[in-house]
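What follows is the residue order along each chain.
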Amino acid sequence: PPSSFPELQTLSEEEQRFLCDNDDEFEYFVNNIEEIKTLKSMRNDIIEDTRSLCEKVFAKEDSVNKLVQSMSEEKAALDGSVKKRGELLHTLEEMQSKYSHASIINRLAGRAHELDVEGEELTERFLSGDLELQDYLVKYLAIRKAH
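Residues numbered from 1 in each chain as written. Predicted model: local features only at pLDDT ≥ 70, side-chain atom pairs only at ≥ 80, totals over all residues. Heavy atoms only, no water.

### Observations concerning the overall build of the protein chain
- Each helix and strand in the protein chain was counted, giving six helices and zero strands.
- Scanning the protein chain from its N terminus toward the C terminus, one meets helices and strands in the order α-α-α-α-α-α.
- Taking 147 residues into account, the globule formula puts the C-alpha radius of gyration at 15 Å, and the protein chain, at 50 Å, lies well above it.
- Reported as C-alpha extents along the three principal axes, the dimensions of the protein chain are approximately 150 × 25 × 25 Å. (Helix = DSSP H or I, 4+ residues; strand = E, 2+ residues; numbered from the N terminus. Rg over C-alpha atoms; globule rule 2.2 N^0.38 Å.)

In structure tokens form, the structure reads like this:
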């Protein structure tokens, strides 16, 4: 901004009083000072640039809102996928535990023990006379076959 206005210095004291007493004349005089014209022009340019920038920003608002919505939907889908992956990993861990070598051997050993007990009980029934030889052999061979 200018630090002085030479236009005012060239006026007589009477002209200065006249401007001070007459608002319309004062406004006309001030508006015709070159620096004031330049400042007003710059202000108008800034206002126009700001208005143009605002219009561009608001024109992008729908696109931004659509992108935000799309990102929200993608996040929801990703969250679902992450949850599903966690469930699948849990299922895999359960299956690995259930079908591990040690688990299979333990189950086979348990079943073999059950069959041994059944065979011993069957033999005791046969030896005590509660079971005929033919029935004993059929049932015992079935147990041994399962064993």
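What follows picks up the thread again.
### Focus: the pattern of salt bridges
- All chains considered together, the criterion is met by six salt bridges.
- Linking lysine 75 and aspartate 79 is a salt bridge whose minimum nitrogen-to-oxygen distance equals 2.9 Å. Residue lysine 75 and its partner aspartate 79 are located together in helix α4 (residues 34-98), separated by four residues, close to a single helical turn.
- Between aspartate 116 and arginine 144 there is a salt bridge, with the nearest N and O atoms lying 3.9 Å from each other. Note that aspartate 116 is positioned in helix α5 (residues 101-127) and arginine 144 in helix α6 (residues 133-146), a separation of 28 residues in sequence. (Salt bridge = Lys/Arg side-chain N within 4 Å of Asp/Glu carboxyl O.)

### As for the environment of aspartate 62
- Locating aspartate 62 in the fold gives a position in helix α4.
- Overall, the relative accessible area of 54% leaves aspartate 62 in the exposed class.
- Sequence separation between aspartate 62 and lysine 84 is 22 residues; the distance between their C-alpha atoms is 33 Å. (Buried < 20%, exposed > 50% of the residue type's maximum accessible area, 1.4 Å probe, protein only.)

### Description of the packing of aromatic side chains
- All told, the structure shown has two aromatic pairs when counted by the stated rule.
- An angle of 15° between the planes, with centres 4.5 Å apart, marks the rings of phenylalanine 126 and tyrosine 136 as stacked. Note that phenylalanine 126 is positioned in helix α5 and tyrosine 136 in helix α6, a separation of ten residues in sequence.
- With a centroid separation of 5.4 Å and an interplanar angle of 25°, the aromatic rings of tyrosine 136 and tyrosine 140 are classed as stacked. Remark: tyrosine 140 and tyrosine 136 occur in helix α6; sequence separation between them is four residues, near one turn of the helix. (Phe/Tyr/Trp six-rings, centres within 6.5 Å; stacked < 30°, edge-to-face > 60°.)

### Structural notes on the packing of α5 against α6
- Taken N-terminus to C-terminus, the directions of α5 and α6 make an angle of 170°; their axes are 10 Å apart at the nearest point. As summarised for this structure, α5 and α6 are arranged roughly antiparallel, according to the angle between their axes. Side by side, α5 and α6 meet where Leu115, Asp116, Glu118, Gly119, Leu122, Thr123 and Phe126 of the first sit next to Leu133, Tyr136, Lys139, Tyr140, Ile143, Arg144 and Ala146 of the second.
- Residue composition of the contact of α5 with α6, by class: eight nonpolar, two polar and four charged. (Axes fitted to C-alpha atoms, helices over the stretch in contact; angles between N-to-C directions. Parallel < 35°, antiparallel > 145°, perpendicular 65-115°, else oblique. Contact = heavy atoms within 4.5 Å. Nonpolar A, V, L, I, M, F, W, Y, C, P; charged D, E, K, R; others polar.)

### Here's the deal with the side chain of serine 103
- Note on placement: serine 103 falls in helix α5.
- Separated by 2.7 Å, the side chain of serine 103 and the backbone oxygen of lysine 98 make a polar contact.
- Residue contacts for serine 103: discarding those within four places in its chain leaves Ser97 and Lys98. (Polar contact = N/O pair within 3.5 Å; in protein donor to acceptor, adjacent residues only side chain to side chain.)

### Notes on a nonpolar patch on the surface
- Taken together, Met95, Tyr99, Ile104 and Leu108 make up a surface patch of nonpolar side chains, about 400 Å² in accessible area.
- Assessed through its relative accessible area of 46%, tyrosine 99 is described here as partly exposed. (Patch = residues over 30% accessible without salt bridge, like charges linked within 9 Å, V, L, I, M, F, W, Y side chains within 5 Å. Areas by Shrake-Rupley, 256 points an atom, 1.4 Å probe, with all protein chains shown as cover.)

### Let's talk about the packing of helix α2 (residues 13-21) against helix α3 (residues 23-31)
- At a closest axis distance of 5 Å, the pairing of α2 and α3 adopts a crossing angle of 110°. Taken together, α2 and α3 sit at an angle that is classed as roughly perpendicular. Residues Phe18, Leu19 and Asp21 of α2 touch α3, and the partners they reach there are Asp23, Glu25, Phe26 and Phe29.

Distances and angles like these do not, on their own, reveal function.
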